[in-house]
Number of protein chains: 2
Amino acid sequence: VKTISIIGSGNVATVFSKKLFEKGFLIKQVWSRNIENALTLAHQVNAQAINSIEDLDFLQDAYFVAVNDSCISEITQRIHLNDKLIFHTAGSISSTVLQKSSKNYAVLYPLISIHKTVELPDNFPLFITSSNKFANTFVNEIAMHISNNVQQIDDENRLQIHLAAVFASNFSNHMFAISNELVNKSNFQFDILKPLIFQSIQKLKNNLPIEVQTGPAVRNDFETMQKHLELLKLYPELKELYLSISKNIQNYHHNK
Amino acid sequence: VKTISIIGSGNVATVFSKKLFEKGFLIKQVWSRNIENALTLAHQVNAQAINSIEDLDFLQDAYFVAVNDSCISEITQRIHLNDKLIFHTAGSISSTVLQKSSKNYAVLYPLISIHKTVELPDNFPLFITSSNKFANTFVNEIAMHISNNVQQIDDENRLQIHLAAVFASNFSNHMFAISNELVNKSNFQFDILKPLIFQSIQKLKNNLPIEVQTGPAVRNDFETMQKHLELLKLYPELKELYLSISKNIQNYHHNK
């Protein structure tokens, strides 16, 4: 049986360590700056709660770093494991940030958003990056207990996919937020746009996005675009965004 | 029994007139510039196919104009109906473009994308605008045979919703297209982004988009944004778009 300690107590720490606990891994210590948070998670995975890095023992097989991206470097430079496995889950942080902690380091990057209250799907893409064969075998064993869809990736490609995910998820969601704001300026609510949104997404099941692009920009319908820009004249930022995205759609479809 | 003639033979003309034919309306004539297209639709709704506006008789109860937005004005100025109902289905074209054809005019705007090969949902929003009580009663009767979700709207609000739909559907789809392009620059395919995309959309069932915004921009994570911009340095247009959308997310969440 493999033993793991968890640095962090947020959404990824909670969801992944509960999953590993259920699959038979022993969770030994849970660190959080806030002892209440450490206790909440430790209680669920039968572990010891600590709130000082000095209390972390270095006796376990693996150390799972699940703190905010911006704290990974600062916290791991205080952890010296020699050859125990250490891994983080951040898409945009290089695996090599962990090399001061151990020669056996890895990244386990879930391409899905993870929340304590939401059940994980079985087959979301879980990407692994590792420093050597030992780390790879071990992190792969851990990964296969979390998802059925484990894939190898290097630091560079992981960052590229992280960027793609920003457009696919964060930026598309902002388009929905803007549409919500615009629809509220009429007498209607966001609900009226949902059938259209769900239908657009449905099309992606069997088509690439470029194959199902519609709207005034892709058909060079300048008359309709002009009417939209007239409506946006009181919102210069939205007008600018409308123009940039429309121009990008036109270049993307007509210059290629 | 009400009689209708159809000007056009595209997706909206086909889907709506088949639906009305099934519900007991009599479809009398189908006009298309291309007689083959007119025949294809006319055959399905037991109507006469014509390809000259001069052959259109003015004996029917209603005239359904379902040509490209850019042709509505040109075609309808050759149609003089006195008091027969005439209606188009374009979100961004004023109903008043039809006032030269009849005093009884209307718009029937479906907030969904319509394709010959795709089954219509039962309850997509179908907005009606009309010139007077007679036109309203009649176009409402037609609309209720097409959707269970018929709502009244004026020309101004319809254009506003049309603009909102561009962000909700066309612009979000372009974000997916860009993510597809970016993911192809790694060794992976668009498929790996689908679980994330479907999960993001799922969240909109019970939340407003502003409540589920994630990503580096909304959390002011400049370090990650800097890494993304570095990756985009060879693609100045995408870099500009990344900056505009990120700036807009930040203003939207932090200045309000």
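Residues numbered from 1 in each chain as written. Chains lettered and ligands numbered in written order. Predicted model: local features only at pLDDT ≥ 70, side-chain atom pairs only at ≥ 80, totals over all residues. Heavy atoms only, no water.

Enquirer: Kindly report on the overall build of chain A, identifying the contributing residues and their values.
Expert: Helices and strands together make up the secondary structure of chain A, namely eight helices and eight strands. A globule of 256 residues ought to have a C-alpha radius of gyration of about 18 Å, yet chain A, at 23 Å, is considerably larger. A total of 256 residues make up chain A; the buried ones form 56% of that total. Excluding contacts between residues fewer than 6 apart, the proportion of contacts in chain A whose partners are at least 24 apart in sequence is 50%. If you sum the accessible surface of chain A, you get close to 11,000 Å²; carbon and sulfur atoms cover 48% of it. Here chain A contributes 23 positively and 23 negatively charged side chains, and the mean placements of these two sets differ by 3 Å. (Helix = DSSP H or I, 4+ residues; strand = E, 2+ residues; numbered from the N terminus. Rg over C-alpha atoms; globule rule 2.2 N^0.38 Å. Buried < 20%, exposed > 50% of the residue type's maximum accessible area, 1.4 Å probe, protein only. Contact = heavy atoms within 4.5 Å. Areas by Shrake-Rupley, 256 points an atom, 1.4 Å probe, with all protein chains shown as cover. Lys, Arg positive; Asp, Glu negative; His and termini not counted. Charge placed at Lys NZ, Arg CZ, Asp CG, Glu CD.)

Enquirer: Let's hear about the sheet that holds strand 6 (residues 105–110) of chain A: which residues, and what values?
Expert: All names here are of chain A. Overall, mixed pairing links the eight strands, which are arranged 3-2-1-4-5-6-7-8 in an open sheet. Of all strands in the sheet, those bounded by a partner on one side alone are strand 3 (48–50) and strand 8 (149–152). Between one strand axis and the next, the sheet turns by 25° as a mean value, whatever way the strands run. Strands strand 1 (3–7), strand 2 (26–31), strand 4 (62–65), strand 6 and strand 7 (125–130) of the sheet are contacted by helix 1 (residues 11–22), whose axis makes an angle of about 150° with strand 4. (Pairing = 2+ DSSP bridges. Axes fitted to C-alpha atoms, helices over the stretch in contact; angles between N-to-C directions.)

Enquirer: Can you tell me about the packing of helix 5 (residues 155–184) of chain A against helix 8 (residues 236–254) of chain A, naming the residues and giving the values?
Expert: Residue and element names in this part refer to chain A. Contact geometry for helix 5 and helix 8: axes closest at 13 Å, N-to-C directions at 130°. Viewed along their axes, helix 5 and helix 8 adopt a mutual orientation that is oblique. Note on packing geometry: the crossing formed by helix 5 with helix 8 is left-handed. Judged by residue contacts, M175, I178, E181 and L182 of helix 5 engage L238, L241 and I245 from helix 8. (Parallel < 35°, antiparallel > 145°, perpendicular 65-115°, else oblique. Left-handed = near helix turned anticlockwise from the far one by under 90°.)

Enquirer: Give a description of the interface of chain A and chain B that names residues and reports values.
Expert: Taken together, the contacts link 83 residues of chain A with 83 residues of chain B. Buried surface at the junction of chain A and chain B, both sides included, amounts to about 8,200 Å², of which 66% is carbon and sulfur. At the junction of chain A and chain B, the tally comes to zero salt bridges. Joining chain A to chain B, the criterion identifies 34 residue pairs in polar contact (both at pLDDT 80 or more). Looking at the side of chain A that touches chain B, the elements that each hand over two or more residues are strand 7, strand 8, helix 5, helix 6 (194–203), helix 7 (222–231) and helix 8 of chain A. (Buried area = accessible area lost by both parts, 1.4 Å probe. Salt bridge = Lys/Arg side-chain N within 4 Å of Asp/Glu carboxyl O. Polar contact = N/O pair within 3.5 Å; in protein donor to acceptor, adjacent residues only side chain to side chain.)

Enquirer: How would you sum up the sheet that holds strand 6 (residues 105–110) of chain B? Please name residues and give values.
Expert: Residue and element names in this part refer to chain B. What the eight strands build is an open sheet, ordered 3-2-1-4-5-6-7-8; its pairing is mixed. Looking at the sheet topology across the chains shown, the edges are occupied by strand 3 (48–50) and strand 8 (149–152). Across this sheet, the average inter-strand angle for adjacent strands is 25°, counted without regard to direction. In the sheet, strand 5 (residues 85–88) pairs with strand 6 via three bridges, with the strands oriented parallel. By the bridge assignment for strand 6, I86 is matched with Y105. Taken strand by strand, helix 1 (residues 11–22) contacts strand 1 (3–7), strand 2 (26–31), strand 4 (62–65), strand 6 and strand 7 (125–130), and its axis lies near 150° from that of strand 4.

Enquirer: Hey, could you go over the environment of B:I93 for me, with residue numbers and the actual values?
Expert: Along the chain, the position of B:I93 falls in the loop between strand 5 and strand 6. When the C-alpha atoms of B:I93 and B:L159 are compared, they prove to be 7.7 Å apart, with 66 residues separating the residues in sequence. In this view, B:I93 contacts A:K227, B:D69, B:I72, B:H88, B:V107, B:D155 and B:R158; residues no more than four positions away in its chain are not counted.

Enquirer: Outline the relation of the copies chain A and chain B, listing residues and values.
Expert: Under the fitted operation, chain A is carried onto chain B by 0.0 Å of movement along the axis and a turn of 180°, and the coordinates agree to an RMSD of 0.0 Å. Seen this way, the second copy is the image of the first under a two-fold rotation axis. Closest to the rotation axis within chain A is the C-alpha of A:S172, separated from it by 2.3 Å. In this assembly the copies share their binding face: 100% of the residues contributing to the interface of chain A also contribute to that of chain B. (Least-squares fit on C-alpha atoms with pLDDT ≥ 70 in both.)

Enquirer: I'd like a rundown of the pairing of strand 4 of chain B, residues and numbers included.
Expert: Residues and elements named next belong to chain B. Judged by which residues are buried, strand 4 turns out to be covered on both faces: A62 and F64 on one side and Y63 and V65 on the other are all buried. Two elements, strand 1 and strand 4, share four bridges in a ladder whose sense is parallel. Paired with S5 across the strands is Y63, a residue of strand 4.

Enquirer: Summarise the pairing of strand 1 of chain B; cite the residues concerned and give the values.
Expert: Residues and elements named next belong to chain B. Taking burial as the measure, the five residues of strand 1 include five buried ones, the bulk of the element. Judged by which residues are buried, strand 1 turns out to be covered on both faces: T3, S5 and I7 on one side and I4 and I6 on the other are all buried. When strand 1 meets strand 2, the two strands line up parallel, connected through four bridges. Considered in strand 2, the bridge of I6 is made with V30.

Enquirer: Could you give an account of helix 8 (residues 236–254) of chain B, naming the residues involved and the relevant values?
Expert: Here helix 8 of chain B spans 27 Å end to end across 19 residues, near enough to the 27 Å set by a 1.5 Å rise per residue. Inspection of helix 8 of chain B places B:L238, B:L241, B:Y242, B:S244, B:I245, B:S246, B:N248, B:I249, B:Q250, B:Y252 and B:H253 among the buried residues, and these make up the whole buried set. Looking at the buried side of helix 8 of chain B, the elements it contacts are helix 5 and helix 8 of chain A together with helix 5 (155–184) and helix 7 (222–231) of chain B. (Expected span 1.5 Å × (residues − 1).)

Enquirer: Which residues make up the packing of aromatic side chains, and what values do they have?
Expert: Tallied over the entire structure, the rule returns 18 aromatic pairs over all chains. Each ring, one from A:Y109 and one from A:F127, has its centre 6.3 Å from the other, and the planes form 25°; the classification is stacked. Here A:F127 lies in strand 7 and A:Y109 lies in strand 6, a separation of 18 residues in the sequence. Judged by relative accessible area, A:F127 falls into the buried class, the value being 0%. Plain terms: the ring middles of B:F167 and B:F171 are 4.8 Å apart, the flat faces sit at 75° to each other, and that makes the pair edge-to-face. Taken as a pair, B:F167 and B:F171 lie in helix 5 at a separation of four residues, close to a single helical turn. Owing to a relative accessible area of 0%, B:F167 belongs among the buried residues under this scheme. Through successive ring pairs, a cluster of aromatic residues spans A:F16, A:F64 and A:F87. (Phe/Tyr/Trp six-rings, centres within 6.5 Å; stacked < 30°, edge-to-face > 60°.)

Spatial relationships are all this shows, so hold off on functional conclusions.
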